[in-house]
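Examination of the molecular architecture
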Amino acid sequence: MQRRDFFKQLGTVAAVTAVAPAISFAADAKKTKGPNDFSYQQAVEVVTGGKPVVVSSKVELKVPEIAENGAVVPVTVTVDSPMTDSDYVKAIHIFATKNGNTRCIDVFLTPDNGKAMFATRIKLGQTQEVAALVELSDGTFLSAAQSVKVTIGGCG
């Protein structure tokens, strides 16, 4: 290889290296919203159909106050319900209020479950509230929420 060819190739590599980050940033700026990208309020309206939601002490939401890693935040929801054929928890919905996709999980129950309780792990991209929305068999909705401080985000 001659010296002149070496410098030509070096210039080409430098130009490509300078342009690649700009292309990457442009792709990030054009991120489109997916079909599940709703605000928290929009997601609650989709689930409830516009019915009122009552904050209730019957819904016990357990999440850590500080999450070391937002990728694996433990969540437990327990509802004080008799779980009989006429009075039971129909569904438990868990939301992360500031994630791009605020709906984390929907769990559907029957009286045969015996106890209205669910535990899982969710991802949180930043410090935010985690909310549990509970649908009862009579069509009413109860909720509980708790703030979680995230030290390392899990959604990105």
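Residues numbered from 1 in each chain as written. Predicted model: local features only at pLDDT ≥ 70, side-chain atom pairs only at ≥ 80, totals over all residues. Heavy atoms only, no water.

The name recorded for the protein chain in an unreviewed UniProt entry is Thiosulfate oxidation carrier protein SoxY, from Candidatus Sulfurimonas baltica.

**Quick notes on the overall build of the protein chain**
If you tally the helices and strands in the protein chain, you get 2 helices and 9 strands. If you list the helices and strands of the protein chain from N to C, you get α-α-β-β-β-β-β-β-β-β-β. Considering the protein chain as a whole, with its 156 residues, one finds that 32% of them fall into the buried category. Once local pairs closer than 6 in sequence are excluded, the contacts in the protein chain between residues at least 24 apart make up 65%. (Helix = DSSP H or I, 4+ residues; strand = E, 2+ residues; numbered from the N terminus. Buried < 20%, exposed > 50% of the residue type's maximum accessible area, 1.4 Å probe, protein only. Contact = heavy atoms within 4.5 Å.)

**Things to note about helix 2 (residues 40–48)**
Buried residues of helix 2: Ala43, Val44, Val47 and Thr48, and no others. Looking straight down helix 2, one finds that the buried residues subtend no more than 125° of arc, so they occupy a single side. In helix 2, the exposed positions that point more than 90 degrees away from the buried face belong to Gln41 and Glu45. In the core, the buried residues of helix 2 are packed alongside strand 1 (53–55), strand 5 (89–96), strand 6 (103–108), strand 8 (128–136) and strand 9 (141–150). The first or second residue beyond helix 2 is Gly49, which carries a positive phi of 70°. (Arc of directions from axis to C-beta.)

**Examining the environment of Val150**
Mapped onto the fold, Val150 is located in strand 9. Residue class for Val150 comes out buried when judged on its relative accessible area of 10%.

**Notes on the side chain of Thr102**
Looking at the secondary structure, you find Thr102 in the loop between strand 5 and strand 6. Residue Thr102 is classed as buried on the basis of its relative accessible area, which comes to 1%. One polar contact links the side chain of Thr102 to the main-chain carbonyl oxygen of Ala96, over a distance of 2.6 Å. Leave out the neighbours within four places in its chain, and Thr102 touches Phe38, Ser39, Tyr40, Ala43, Ile94, Phe95, Ala96 and Thr97. (Polar contact = N/O pair within 3.5 Å; in protein donor to acceptor, adjacent residues only side chain to side chain.)

**Quick notes on the sheet that holds strand 7 (residues 117–122)**
Strand order in the open sheet made by the 3 strands is 2-4-7, with antiparallel pairing throughout. Taken across any chain shown, the strands that pair with only one partner, and hence form the sheet edges, are strand 2 (59–62) and strand 7. Pairwise comparison of adjacent strand axes, ignoring direction, gives a mean angle of 15° for this sheet. One ladder, built from 6 bridges, connects strand 4 (residues 73–79) with strand 7; its direction is antiparallel. (Pairing = 2+ DSSP bridges. Axes fitted to C-alpha atoms, helices over the stretch in contact; angles between N-to-C directions.)

**Considerations on the pattern of salt bridges**
Oppositely charged side chains are able to pair whenever their charged atoms sit close together. Following the criterion strictly, the structure yields 2 salt bridges and no others. Salt-bridge contacts for Lys62 lead to Glu60; the nearest nitrogen and oxygen are separated by 3.7 Å. Note on Lys62: relative accessible area 49%, which makes it partly exposed. The partner of Asp106 in a salt bridge is Arg103, with the nearest N and O atoms 3.0 Å apart. (Salt bridge = Lys/Arg side-chain N within 4 Å of Asp/Glu carboxyl O.)

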